[in-house]
Structure formats: C-alpha cells, structure tokens
Amino acid sequence: MCGIVAYNGSRDAYGVIINGLKRLEYRGYDSAGICLVDNDVMLYKQKGKVSDLEKHIGTRPTGGTIGIGHTRWATHGEPNNENAHPHASMNGKFIIIHNGIIENYGHLKTKLERRGYRFESDTDTEILVNLIEYIYQKGNITAEIAVRLALTKVVGAYGIVVICRDEPDTLIAARKGSPLVIGVGEKEYFVASDATPIVEFTNSVIFLNDNDVAIIKKNELSLKTIMNEALEPRIQTLDLDLEEIEKNGFDHFMLKEIFEQPRSIGDTFRGRISADHKSIHLGGLFEVLPRLVKAKRIIIIGCGTSWHAALVGEYLLEEFARISVEVEYASEFRYRNPIIHKDDIIIAISQSGETADTLAAIRLAHEAGAMVLGICNVVGSSIPRETDAGVYTHAGPEIGVASTKAFTAQVTVLTLMAMLLGRERNNITQQRYELLISEMVAVPLKIEKILESNEKIKEISNIFKDATNFLYLGRGYFFPVALEGALKLKEISYIHAEGYPAAEMKHGPIALIDKNMPVVVIAPHDNSYDKVVSNVQEVKARKGIVIAIVTEGDEVIKSMADHVIEIPKASEIVETLLAVIPLQLLAYHIALLRGCNVDQPRNLAKSVTVE
Ligand code: G6P
C-alpha cells in the first residue's frame, strides 16, 4: 500500500524518483506526488497515476539532486489532489511521504488544533508532518530530533521520508511496520518501499528494521533507533536483475509472469531436489526439521491468493505427511482468540512478506510460544525476518497486482514440504517418493505445453467477455484452484465470480444457473472425476455453459462441455500447478477484452501493509 521513493546524491533527482514511482506503482495508484529541493522546494501532486503527475508537471523540472516521491493507495481520505503526498506542514518547514496508518491521528489532530494548527487534507499523514513541525519549532532542536520525538508519540505503522527546509541537504527516513530499503551508491543514497527502484543503480542495500531512523546526507548515512541509540548499518548485496522487473516484450506484467511460470517453478525447486531426483533438501528448514516431522498440528495462515495456496497445502500435507492442518485467514486468526499450542507449527505464506494481517498473526503465534515458518517471495522482507525459519519461493519479482507466478511457486514449496515430510514420517516409500519428485521435475515442460493454448483461451475469452457472473467448480485439490480462478477473474475484469466445491453447487449456486451462466469446471482425471462428471451434467441440465479444464485425451467431459481446455496428464500431487494456468490466462484475456487495466486493477494494491 503506497510506494515511497527518495534520492540524495548528484543525479537529476526528478528522473530517479519518477522512474522509481513507476516501478512502485503496483503498490497503489490513486495519486502521485514529488518534492524536489534545489534553491527552493518544488512540490507537485496529482490525482491518478504517475503518468498523470508527469502531465500535470509538464516541462521536466531540472536542478534538484535531492527529493522524495509517493504513489498512493488511499486509506484516510478519498483519492484527490489535496490528499496526495507529499504533505507539507502548515508553516512549510517540513515535507513528508508516508506509507502506513497513524492510528491515533484523531487524538493528535485535536491537540494540534488546540495549538492553532489547521489542515488541508483528510489524511493521517498531514497530522504527523505537523506534529514534527510543532515539536521542532517549540523545542528549538534539529530536524532529526523532532522526527524521533514525534515518532515516539505515534501509534500505528509508518515508512516515512522527511525533508526539513532548514536542512535541505538531508533526508530523514524511519520505519515501523511498513517496509523501507536504502540503496547505497557512490556518494549517493536511494530510499524506497522495496528494492525495485534501486536495482538499476546499486545492489548494495540496507533493510531498515522497525524503530530505525536513518539520517541521509549525500556522503554520509547514520543509523539509529528512535530512542537515539547508534546502530551499525548492515549492507547486504541484492540478487535482483533489472530484466526481472521489466516487461521484456510482453504487453503486461501479468502476461509476462504467467509465461514465466515454467522458469519460476523450476527456480523454486532447483537446488532443493537432488541431482539424482532421489531426495529433497529444504535448507531453510534444516534446523527445524526434527520438530516439523513430529508436529501434531500445522496452522497455515495467509491472505488472498496466499490463502488459496495454503488450502492446497492443507490437502497436500494431510494426504502425504498425515499431519493435521488448519488454514486460517490471517485477519481472522489474529482477532478471534485462536487456540495455539506450544508444539503447533504455524506456516505464514506471503508473496510480499509485508502483509499487515499476516505479520500480526505471526506475532500472536510467537506470543503463544509456537514456532512460525515463512513461505515468502520477497527476500529481506518483514515476514522472513520475523519467522523462525522458512523457505523462499524464488519466483522473482511479481509486479502484476493479480498474483500468478507467486501462487504456483508457493504451491511448489508446499508440495516439496509435503513430499519431504511424507517420506520423513514414513508415510510414503522411497520408490513413491522418487516417483513424486519426478512428477515435480516434469512440471515446467507441461506448463510450456499448456501455454501453447493461449490463442485458444483468447478465443474462448472473446465469447464470454460480456458475462456478468461466473461460477468456478472443483473438487479436492481443484477446489482451491476454483477459488483462485474466480479471484483472478473478479480482481482484474470486475466480473462477479465465485469459486465453489463442485458438490456444494447444489446447496445454493445451482439456483443461479441458466443459459447465460458460464461455469468453469476444473475436472482433470483424478479419483473424483466421476463425481465431477455428474456435476457437469447437473449444470448442462439447467442449460448452463460449461468451460472445462480436462486431462489430455478426456472424452466424457469433452462430449458434454461447451468448451474444453486440455492439460497434460500428471500425478494429482502437481496437478493444481497445471490446472491454474488456463484460469490465469482466461482472466487475463477477458479483462483485456473488456478494456480493463490488468496490471493495476481498480482499488487493489499488491502489498497490503494496512489491516
Ligand atoms: C493483495 C494482493 C494479492 C495477494 C494478497 C496477499 O490482496 O493483491 O495478490 O494475494 O494481497 O498478499 P501477500 O503478499 O501476503 O501474499
């Protein structure tokens, strides 16, 4: 939610910041703004996207080598020019960009109003910048002290960068709850919500921790806590290529990311499956494996698509490891006083590693004494740093707001875990283990094959682009796939879509079926196939239109369905990875044909750092 970027060095700050904002736009795109410091302070902001900001600014400003920029996902106050960041304080001393929520802003606002402060926006951020100014002017202190003192009075989450007019050569950055990364160049520093705006300039980065404050001059960076304790900056080397965050000839990031899946799944299992395909080694879990093997209960938490991956994980772990698994929405888990035993294992799944509800649920589980593992994509993000152990998904940066390759990478990790635990607990023989491993190794090639159906899926999409409702049905492993297919469609095309366990259709959704209702049935040849055949018949009997995902060579469903998309034969353990691909493409093409912005759907953001 919200992307922030800042620069202090000798380059043209405008170019660095505008390009950085474009890279961070997936975090929010309700409004954008930029503040540059030259001889004077130049502040521009505009409702809409970064391109709208550029149009509003017109002639490119020159001269400033220090500046801050923001792209917003609205929380407090509607998306308009007034609520856009950066926000300046009433007397103009401070300018701020902020990602997060100041929860006690109402209380702080009343206090400031009593002292004569007036506000132009509806945002919590404007309260914070004025609190900083008030403390600064009252105390006759440095900007850094004013920022630190103000932050001690704040309840909530923030990643901020502040400029003070009296100290125009300095940026002050601070974090609590919202991510901030500092890029360290040659006599220059970059600050951003994630590393994507930084990677073209430097691979040396410092991930700020909660309560860190960085004072950034062109030639010097000092790091301390809010309470003024000096910290030693820990510079890490980033393993990220510019190529990974560009479209590389694809029309959209989402399409690129769908087509990347043979590679991203391969990257996720490579190095974890032995060269002879006889064993699995998850380095990140090595230390905790004995405890994991003995686990009586696993609770998997996540939000959105990550929650769907968790459901697939539940089915896999219960079947192969024979460990009891519960799956919880992080937002429900954290607030419903759940029962957590000390010997429970909690697995938190998150693409971004920053989702506020998931982070809060992890803290709750830790308080209860449970061990928490993470399955995350973004290296160095908060969740991997707060969990006891974990596995990175290695899908590479996912920029499209609708998650695609992150989902399949999460399912890949869960599949490896299920196989490994199944073997370690002696639920599967070595022979079966090796067979399952070979199934996983074959997945990338099978996905390549499914991607060849892209044109066909586009044609089917054209038939259904004007539908107003869709139903997605699946049984067993394909129920979570049905949920994920429906989520993809509603996220980016704004068509109402529901995923259902196929058998549950007759307890409600069947009432919706008529000749206008497309029903996507995920029906590969598994042991519930015959039951799904009956469900297809039930839909057809009510004149519904069936789009079926079937195993190559299927004849029965093919003879009943209106449209069929084939996926290669595979073992059930990896079939979800195959079955979801056509659904991603279907959603993509329908959204595109409806003229929707597939990479940046309305109202959504990729990284949800507010609860
Ligand atoms: C947002 C994104 C989804 C994502 C969910 C959870 O809603 O748009 O794509 O699945 O957050 O995010 P996480 O980063 O924790 O996986």
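Here is what the cut-offs are and how they apply
- Per chain, residues are indexed from 1 in the order of the written sequence.
- Reporting of local features is limited, given that this is a predicted model, to residues whose pLDDT is at least 70; pairs of side-chain atoms are given and counted only at 80 or more, and all residues count toward the totals for whole chains, interfaces and linings.
- Note: side-chain values were computed over all heavy atoms of the structure, leaving out hydrogens and water.
- Secondary structure elements are defined from DSSP: runs of H or I of at least 4 residues count as helices, runs of E of at least 2 residues count as strands, and each element is numbered from the N terminus.
- Only the C-alpha atoms count toward the radius of gyration. The rule for a globule is 2.2 Å times the residue count to the power 0.38.
- Partly exposed describes any residue whose relative accessible area lies between the buried limit of under 20% and the exposed limit of over 50%, with all areas from a 1.4 Å probe on protein chains only and scaled to the type maximum.
- In what follows, residue pairs with any heavy atoms lying within 4.5 Å of each other are defined as contacts.
- Note that accessible areas follow from Shrake-Rupley with a 1.4 Å probe, and for residues the cover is restricted to the protein chains shown.
- Working definition: a ring pair exists when centres of Phe, Tyr or Trp rings (six-membered ring for Trp) sit within 6.5 Å. Plane angles under 30 degrees give stacked, over 60 give edge-to-face, the rest tilted.
- Two conditions define a charge located above a ring, namely a distance within 6 Å from the ring centre to NZ of Lys or CZ of Arg, and an angle within 35 degrees of the ring normal.
- Any two strands are treated as partners once DSSP identifies two or more bridges connecting them.
- Axes here refer to lines fitted to C-alpha atoms; in helices the fit is confined to the stretch in contact. Angles between the N-to-C directions go from 0 to 180 degrees.
- Patch membership is restricted to residues that have no salt bridge and whose relative accessible area is over 30%. Joining uses 9 Å for like charges and 5 Å for the nonpolar side chains Val, Leu, Ile, Met, Phe, Trp and Tyr.
- In the sections that follow, a salt bridge refers to a side-chain nitrogen of Lys or Arg positioned within 4 Å of a carboxyl oxygen of Asp or Glu.
- By the counting scheme adopted, Arg and Lys are positive, Glu and Asp are negative, and His together with the chain ends is not counted.
- Charged side chains are reduced to one point each, which is NZ for Lys, CZ for Arg, CG for Asp and CD for Glu.
- What makes a nonpolar core is a set of buried Ala, Val, Leu, Ile, Met, Phe, Trp, Tyr and Cys residues whose side-chain atoms join them at distances within 4.5 Å.
- When we say a residue is near a molecule or strand, we mean one of its heavy atoms is within 4 Å of it.
- Two N or O atoms form a polar contact when they lie within 3.5 Å of each other; inside protein one atom must be a possible hydrogen donor and the other a possible acceptor, and for residues adjacent in sequence the pair counts only when both atoms belong to side chains.
- Roughly parallel means an angle under 35 degrees; roughly antiparallel, over 145; roughly perpendicular, 65 to 115; everything else is oblique.
- Each residue gets one of three labels, nonpolar for Ala, Val, Leu, Ile, Met, Phe, Trp, Tyr, Cys and Pro, charged for Asp, Glu, Lys and Arg, and polar for the others, Gly among them.
- Each residue after the first adds 1.5 Å to the expected span of a helix.
- Directions drawn from the helix axis to the C-beta atoms are what define this arc.

1. Here's the deal with the overall build of the chain
- Scanning the chain from N- to C-terminus turns up 20 helices and 25 strands.
- Since a compact globule built from 611 residues should have a radius of gyration of about 25 Å, the 25 Å found for the chain is in line with a globular shape.
- Every one of the 611 residues in the chain was classed for burial, and the buried ones make up 62%.
- Across the chain, every contact between residues at least 6 apart in sequence was considered, and the portion connecting residues at least 24 apart equals 72%.
- Just so you have it, the chain exposes about 23,300 Å², and 48% of that area is on carbon and sulfur atoms.

2. Section: the packing of aromatic side chains
- All told, the structure shown has nine aromatic pairs when counted by the stated rule.
- Seen from their ring centres, Tyr7 and Phe190 are 5.0 Å apart, and the 50 degrees between their planes marks the pair as tilted. Of this pair, Tyr7 sits in strand S1 (residues 3-8) while Phe190 sits in strand S10 (residues 189-192), and the two are 183 residues apart along the sequence.
- Residue classification places Tyr7 among the buried residues on the basis of a relative accessible area of 0%.
- With a relative accessible area of 1%, Phe190 lands in the buried category.
- Geometrically, the ring pair formed by Phe94 and Tyr136 is edge-to-face, given 5.0 Å between the ring centres and 85 degrees between the ring planes. One end of the pair, Phe94, is in strand S6 (residues 94-102); the other, Tyr136, is in helix H4 (residues 124-139), with 42 residues separating them in the sequence.
- With relative accessibility at 11%, the residue Tyr136 sits in the buried group.
- The structure contains a cluster of three or more aromatic residues connected by ring pairs, namely Tyr7, Phe190 and Phe201.
- Note that Lys49 overlies the ring of Tyr29, its terminal NZ or CZ placed 4.8 Å from the centroid.
- Here the basic side chain of Arg602 rests over the ring of Tyr494, its NZ or CZ set 3.8 Å away from the ring centre.

3. Side note on the sheet that holds strand S7 (residues 156-164)
- Taken in spatial order, the seven strands line up as S5-S6-S7-S8-S12-S13-S14 in an open sheet, and their pairing is antiparallel. In this open sheet, the two edge strands, each paired with only one partner strand, are strand S5 (87-88) and strand S14 (230-231).
- Pairing of S7 with strand S8 (residues 171-176), which is carried by four bridges, proceeds in the antiparallel orientation. Paired with Val162 across the strands is Ile172, a residue of S8.
- Here H4 sits on the sheet and contacts S5, S6 and S7; the angle it forms with S6, its principal contact strand, is near 130 degrees.

4. Details of a positive patch on the surface
- Residues Lys111, Arg114, Arg115, Lys138 and Lys153 make up a contiguous surface patch of positive charge.
- Checked against the element boundaries, Arg115 lands in the loop between helix H3 (105-114) and H4.
- For Arg115, a relative accessible area of 44% translates into the label partly exposed.

5. With respect to the nonpolar core
- Ranked by size, the top nonpolar core spans 96 residues in total, and within it Ile298, Ile300, Phe470 and Tyr472 carry the most contacts.
- No other element matches helix H20 (residues 572-593), which puts 14 residues into this core.
- Look past the residues within four positions of Ile298 in its chain and what remains in contact with it is Leu292, Leu317, Ile323, Ser324, Val325, Glu326, Ile345 and Ile347.
- Ranked by size, the runner-up nonpolar core spans 33 residues in total, among them Tyr14, Tyr26, Leu240 and Val401.

6. Describing the pairing of strand S4 (residues 66-72)
- In terms of residue burial, S4 counts as a mostly covered element, since seven of its seven residues are buried.
- Residues Ile66, Ile68, His70 and Arg72 line one face of S4 and the alternating positions Gly67, Gly69 and Thr71 line the opposite face, and both faces are buried.
- In this sheet, S4 lies alongside S1 in antiparallel orientation, the contact comprising six bridges. When the sheet's bridge partners are listed, Ile4 is paired in S4 with His70.
- One ladder, built from seven bridges, connects strand S2 (residues 31-37) with S4; its direction is antiparallel.

7. Quick look at the site of the ligand
- Taken together, 13 residues surround the ligand, and among them Ser306, Ser350, Gln351, Ser352 and Thr355 come closest.
- Residue Ser306 places a side-chain N or O atom 2.6 Å away from an oxygen atom belonging to the ligand.
- Within the backbone of Val401, a nitrogen or oxygen atom sits 3.4 Å from an oxygen atom of the ligand.
- When the free accessible area of the ligand is taken as 390 Å², the share hidden by the protein chains comes to 91%.
- Looking at which element gives the most residues to the shell around the ligand, the answer is helix H9 (residues 304-321), with three residues.

8. Quick word on a negative patch on the surface
- Together, Glu78, Glu82, Glu120 and Asp122 give the surface a local cluster of negative charge.
- Summarising the element assignment, Asp122 is placed in the loop between H3 and H4.

9. Details of the pattern of salt bridges
- A complete count under the given rule lists 30 salt bridges for this structure.
- Linking Asp52 and Lys55 is a salt bridge whose minimum nitrogen-to-oxygen distance equals 3.7 Å. You can see Asp52 and its partner Lys55 sitting in helix H2 (residues 50-57), three residues apart, about one turn around the helix.
- A single network of salt bridges, built from pairs that share partners, joins Lys256, Glu260, Arg263, Asp267, Arg270 and Lys405.

10. Structural notes on the packing of H9 against helix H17 (residues 478-493)
- Contact geometry for H9 and H17: axes closest at 9 Å, N-to-C directions at 170 degrees. Judged by the inter-axis angle, H9 sits roughly antiparallel to H17. Packed against H9, whose contacting residues are Gly304, Thr305, Trp307, His308, Leu311, Val312 and Tyr315, the element H17 presents Phe479, Pro480, Leu483, Glu484, Leu487 and Lys488 at the interface.
- Each residue belonging to the contact of H9 with H17 can be placed in one class, and the counts come to eight nonpolar, three polar and two charged.

11. Some thoughts on the sheet that holds strand S24 (residues 545-551)
- Strands sit in the order S22-S21-S23-S24-S25 across an open sheet of five strands; the sheet is parallel. Looking at the sheet topology across the chains shown, the edges are occupied by strand S22 (496-501) and strand S25 (563-567). Across this sheet, the average inter-strand angle for adjacent strands is 20 degrees, counted without regard to direction.
- Relative to the sheet, helix H18 (residues 529-541) contacts strand S21 (469-474), strand S23 (518-522) and S24, its axis offset from that of S24 by approximately 160 degrees.

12. With respect to helix H14 (residues 430-441)
- With twelve residues, H14 extends 16 Å between its outermost C-alpha atoms, agreeing within 8% with the 16 Å of an ideal straight helix rising 1.5 Å per residue.
- Three or more residues of H14 are buried, namely Tyr433, Leu436, Ile437 and Met440. Taken end-on, H14 shows its buried residues confined to a sector of 105 degrees, consistent with a single buried face. Opposite the buried face of H14, at more than 90 degrees from it, the exposed residues are Gln431 and Leu435.
- Buried residues along H14 sit against helix H7 (261-269), H9, helix H13 (405-424), helix H15 (443-451) and H20.

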